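Now for the letters of each chain:
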Amino acid sequence: MAKHGADEPSCRSGSLDGEGRASEDRSLLRQRLAVQELIDTEVSYLHMLQLCASDIRSRLQQLPQGDLDVLFSNIDDIIKVNSRFLHDLQETASKKEEQVQLVGNLFLEFQEELKQVYKVYCASYDQALLLVDTYRKEPELQRHIQGIIEAVVPQAGSSGLSFLLVIPLQRITRYPLLLQKILENTVPDASAYPVLQRAVSALQDVNTNINEYKMRKEVASKYTKVEQLTLRERLARINTHTLSKKTTRLSQLLKQEAGLIPRTEDKEFDDLEERFQWVSLCVTELKNNVAAYLDNLQTFLCFRPHEYSLDIPEGPAVQYCNLARDLQLEAFLTFKQRLEGLVWQPLCSLAKALLGPQNLIKKRLDKLLDFERLEEKLLEVGSVTYQEEAARHTYQALNSLLVAELPQFNQLVVQWLGQILRTFVTLQRDLAKQVLQRAEGSMAQLPHHHVPEPAFRKLVEDALGRTSNQLRSFQETFEKVLPPPTTQPLLPGSERQAQALLSRYGPGKLYQVTSNISGTGTLDLTLPRGQIVALLQNKDTKGNSSRWLVDTGGHRGYVPAGKLQLYHVVPSAEELRRQVGLNKDPRCLTPEPSPAPAPSIPTVNQVIAVYPFVARSSHEVSLQAGQPVTILEAQDKKGNPEWSLVEVNGQRGYVPSGFLARAQSPVLWGWSLPS
């Protein structure tokens, strides 16, 4: 009996050890089955993706390409990532002892790639479902799509496209569940256990980030829509709620501008926005320049010299006409078409792509003002309403999305701009090469075609030098007949007003209007040509230096700076005599300077106009520079010598005396090129 009692505990411990080993074996078996399930389902999943990308998408070519891009999104990127993932997953099967740990490490390795490709697909999933709903409203199209899907994937059933589109979403959300199943069948003291824990947490984070990204994209899609609304439609949208929101935001902004409350500083976003605005400006400027280039090119194409009859039956003139016709109808026309297709249209698309982010940045400012106000309320009261909390989340979503995607967007726009510019340069180079090839035969008719390039370059430089000297000589000859720069005619009867401005502001502040000014704004002035004004400030309230604040002696307002020139005051005869008298002071040791002659009209009746003049009333007559003029009276009816009565082309009227001068006989010279 004693012996039997001693053997009983050892039998019980042996049975417990056997049960423990059996439990471990069952856990190990379930673990291996879970790993095998992961591999088998990954094979089936990847096969389904490949069917969608190759067979189904290729048979749906009757759908617009834009629809296919939305339906299948970045499925090709998903196939690339999951193909590599499956390859590495299958290789773990050869290492049974370390397989579980290798699977956990594999998920950690692919964590970032899975997040990047699946968040893009999930963000466009709702838009793809909207397209599916539109197809269902067209029975014939729906039957065609359904027939294709049932032929390739019979198990899709009546769900059709919806069954296929949801597969990637189901797969990414199933990864944490499969890993959790493997983890549950792994003993806690195993080396693979902490690795699997990290893998489960990592895949859960991936799904969380995808959901947050999807939410941010939904918020952004709401505000990136650029609607072209009429004034009536905009007014129809105004209600008490929108007025209250806009008033609150304006109040918040005014408080910040006044320094009553602090402004939220976000240097990272401010730097991104500054670069975005710089890139947008580059796109706008380039678009304007290309538009002007196309307009000039169109004007050039409208000029067709080869269609004019030169009355020359043969020779170089005929060859030129043939070459001009060939270039006009083929080379330049083809260049214009390629320029529009390869430069102008991509540039317009790029400018259109900027509208969404621009609108999003504007909305962010509105939401930032709401967010700052709610933060103040949260500090004061300690709680906010559900709607206010949603407004806070909206700002956070917009800001996070812009900070995450603006760098990539800016980089893509710069690359796009660079490609457009390179294309433009290539088109110019191809045009020059084509023109030279077509003109090769005509170039042989030129008198210097046999001259080497260095000698021809020297020949052109010499010809340009001689021409430049001739132009300089002409300029000097022309300047001799110009009146002194101090002679600027005043409007009849405005001498008193100019004298008043002179006495009040001094000569350095007086300017004269060079052409008629028509004011368009509330503070803009309407002034005639020749009006004298006094400069008050050389910029407007916004710091714009192209609009100056002036005083006319009766009104103050803004005028374009480009239509003003400094007025040189003409001294009267009495002032000249007084200046001469001062110079005759016996105590003055410097030689007596000869006084500057007062502007006067030549004694001869025949003069020329050195400036163009546009008549402003029936008493005046217009002039063209270089036009011969006959002086009838060297003063007006009041005896003012600044205006002269003249006759031009049979018309009589008054013109400024300072615009006339006696014609000198220029030296006869002509233009010639070396032969």
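The chain is annotated in an unreviewed UniProt entry as Rho guanine nucleotide exchange factor 37 of Mandrillus leucophaeus. The UniProt entry for the chain carries the following comment under Function (unreviewed entry): "May act as a guanine nucleotide exchange factor (GEF)."

**Student:** Just give me the short version of the pairing of strand β1 (residues 510-513), but keep the residues and values in it.
**Tutor:** Looking down a regular strand, the side chains alternate between one sheet face and the other. Because side chains alternate across β1, one face comprises the buried residues Leu510 and Gln512, and the other comprises Tyr511 and Val513, equally buried. Pairing of β1 with strand β2 (residues 532-537) involves three bridges; the strand directions are antiparallel. For glutamine 512, the partnering residue across the bridge sits in β2 and is isoleucine 532. Across three bridges, the pairing between β1 and strand β5 (residues 564-566) is antiparallel.

**Student:** Explain the pattern of salt bridges to me, and be specific about the residues and the numbers.
**Tutor:** Pairs may arise between side chains of opposite charge once their charged atoms sit close together. A complete count under the given rule lists 20 salt bridges for this structure. The partner of arginine 136 in a salt bridge is aspartate 133, and the shortest N-O contact between them spans 3.4 Å. In this pair, arginine 136 and aspartate 133 are both assigned in helix α6 (residues 125-136), three residues apart and thus about one turn of the helix distant. Here arginine 392 makes a salt bridge to glutamate 389, at a shortest N to O gap of 2.9 Å. Of the two residues, arginine 392 and glutamate 389 both sit in helix α16 (residues 386-438), three residues apart, roughly one turn of that helix. What makes arginine 392 buried here is its relative accessible area of 11%. The exposure class of glutamate 389 is partly exposed, given its relative accessible area of 24%.

**Student:** Can you tell me about the packing of helix α2 (residues 65-72) against α6, naming the residues and giving the values?
**Tutor:** Where α2 meets α6, the axes come as close as 8 Å, and the angle between the chain directions of the two elements is 125°. As judged from the angle between their axes, α2 and α6 are oblique. In this structure, the crossing between α2 and α6 has a hand that is left-handed. Where α2 approaches α6, its residues Asp67, Val70 and Leu71 are matched on the opposing element by Gln127, Ala128, Leu131, Val132 and Tyr135.

**Student:** Can you tell me about the packing of aromatic side chains, naming the residues and giving the values?
**Tutor:** Think of a pair of aromatic rings as described by two things: how far the centres are apart, and how the planes are tilted against each other in angle. One pass over the full model with this rule turns up 13 aromatic pairs. With a centroid separation of 5.4 Å and an interplanar angle of 80°, the aromatic rings of tyrosine 511 and tryptophan 548 are classed as edge-to-face. One end of the pair, tyrosine 511, is in strand β1; the other, tryptophan 548, is in strand β3 (residues 547-551), with 37 residues separating them in the sequence. Taken as a pair, tyrosine 511 and tryptophan 548 share a single burial class, namely buried. A connected cluster of aromatic rings, assembled from ring pairs, spans Phe85, Phe107, Phe110 and Tyr175. Between the NZ or CZ atom of arginine 57 and the centre of the ring of phenylalanine 72, over which it lies, the distance is 5.8 Å. Its guanidinium or amino end placed over the ring of tyrosine 558, arginine 547 lies 4.6 Å from that ring's centre, counting from NZ or CZ.

**Student:** Residues and numbers for a nonpolar patch on the surface, please.
**Tutor:** Where nonpolar side chains cluster on the molecular surface, the patch consists of Phe456, Val460 and Leu464 and spans about 260 Å² of accessible area. Relative to the assigned elements, valine 460 resides in helix α18 (residues 453-480).

**Student:** Quick rundown of the sheet that holds β5? Include the residues and the values.
**Tutor:** Sheet strands pair via backbone hydrogen bonds, and the direction of the pair is either parallel or antiparallel. The sheet built from five strands is open, its strands ordered β4-β3-β2-β1-β5 with antiparallel pairing. Each of the sheet's edge strands pairs with one partner strand only, and the pair in question is β4 (556-560) and β5. Between one strand axis and the next, the sheet turns through 50° on average, direction left out of account. Seen against the sheet, helix α19 (residues 495-505) touches β1, β2, β3 and β4 and runs at an angle of roughly 30° to β2.

**Student:** Now, about the pairing of strand β7 (residues 628-633): what can you tell me, with residues and values included?
**Tutor:** Both strand β6 (residues 606-609) and β7 contribute to a ladder of three bridges, which runs antiparallel. Opposite isoleucine 608, over in β7, you have proline 628 as the bridge partner. Pairing between β7 and strand β8 (residues 643-648): three bridges, direction antiparallel. Bridged to threonine 630 within β8 is glutamate 647.

**Student:** Hey, could you go over the side chain of glutamine 328 for me, with residue numbers and the actual values?
**Tutor:** Mapping glutamine 328 onto the fold places it in helix α14 (residues 316-353). In terms of polar contacts, glutamine 328 uses its side chain to reach the backbone carbonyl oxygen of leucine 301, at 2.5 Å.

**Student:** Provide a residue-level description of unusual backbone geometry, including the pertinent values.
**Tutor:** Phi is positive for serine 73, which is not a glycine, with a value near 45°. Relative to the helices and strands, serine 73 is located in the loop between α2 and α3 (75-91).

**Student:** Would you mind going over the nonpolar core in detail, with residue names and values included?
**Tutor:** A general feature of soluble globular proteins is that nonpolar side chains tend to end up buried together. Judged by nonpolar contacts, the single largest core of 66 residues is most densely connected at Ile56, Leu71 and Phe107. At 12 residues, the largest contribution of residues to this core is made by helix α1 (residues 2-59). Discounting chain neighbours no more than four positions away, the residues touching isoleucine 56 are Leu51, Phe72, Ile149, Val152, Val153 and Leu164. Counting 35 residues, the second-largest nonpolar core is a separate cluster that includes Leu272, Leu323, Leu347 and Ile420.

**Student:** How would you summarise α2 if you had to cite specific residues and measurements?
**Tutor:** Structurally, the α-helix is built with 3.6 residues per turn, so residues lying three or four positions apart point the same way. Residues Asp67, Leu68, Val70, Leu71 and Phe72 constitute the buried set of α2. Among the residues trailing α2, serine 73 stands out with phi positive, at a value near 45°.

**Student:** Could you give me a rundown of helix α5 (residues 111-123), with the residues and numbers involved?
**Tutor:** Counted at 1.5 Å a residue, the expected span for α5 with its 13 residues is 18 Å, and the 18 Å between its end C-alpha atoms agrees. Taken as a whole, α5 has its buried residues at Leu114, Lys115, Val117, Tyr118, Lys119, Tyr121 and Cys122.

**Student:** Residues and numbers for the packing of helix α13 (residues 267-302) against α16, please.
**Tutor:** The interhelical angle for the contact between α13 and α16, taken along N-to-C directions, is 25°, at an axis separation of 10 Å. With respect to each other, α13 and α16 are oriented roughly parallel. The handedness of the crossing between α13 and α16 is left-handed.

**Student:** Explain the sheet that holds β7 to me, and be specific about the residues and the numbers.
**Tutor:** Reading across from one edge, β9-β8-β7-β6-β10 is the order of the five strands in this open sheet, with antiparallel pairing throughout. Where the open sheet ends on each side, the last strands, each with one partner, are β9 (651-656) and β10 (660-661). Two elements, β6 and β10, share two bridges in a ladder whose sense is antiparallel. Its bridge partner being in β10, isoleucine 608 is matched across the sheet by alanine 661.

**Student:** Explain the environment of leucine 196 residue by residue, including any values.
**Tutor:** Examined against the element boundaries, leucine 196 turns out to sit in helix α10 (residues 192-223). Relative accessible area serves as the criterion here: at 0%, leucine 196 is assigned to the buried category. Sequence separation of leucine 196 and glutamine 101 is 95 residues, and the distance between their C-alpha atoms is 7.0 Å.

Cut-offs used in this document
- Residues numbered from 1 in each chain as written.
- Predicted model: local features only at pLDDT ≥ 70, side-chain atom pairs only at ≥ 80, totals over all residues.
- Heavy atoms only, no water.
- UniProt positions renumbered as here; feature names shortened; annotations may be inferred.
- Buried < 20%, exposed > 50% of the residue type's maximum accessible area, 1.4 Å probe, protein only.
- Helix = DSSP H or I, 4+ residues; strand = E, 2+ residues; numbered from the N terminus.
- Pairing = 2+ DSSP bridges.
- Salt bridge = Lys/Arg side-chain N within 4 Å of Asp/Glu carboxyl O.
- Axes fitted to C-alpha atoms, helices over the stretch in contact; angles between N-to-C directions.
- Parallel < 35°, antiparallel > 145°, perpendicular 65-115°, else oblique.
- Left-handed = near helix turned anticlockwise from the far one by under 90°.
- Contact = heavy atoms within 4.5 Å.
- Phe/Tyr/Trp six-rings, centres within 6.5 Å; stacked < 30°, edge-to-face > 60°.
- Lys NZ or Arg CZ within 6 Å of the ring centre and 35° of its normal.
- Patch = residues over 30% accessible without salt bridge, like charges linked within 9 Å, V, L, I, M, F, W, Y side chains within 5 Å.
- Areas by Shrake-Rupley, 256 points an atom, 1.4 Å probe, with all protein chains shown as cover.
- Polar contact = N/O pair within 3.5 Å; in protein donor to acceptor, adjacent residues only side chain to side chain.
- Core = buried A, V, L, I, M, F, W, Y, C linked by side-chain atoms within 4.5 Å.
- Expected span 1.5 Å × (residues − 1).

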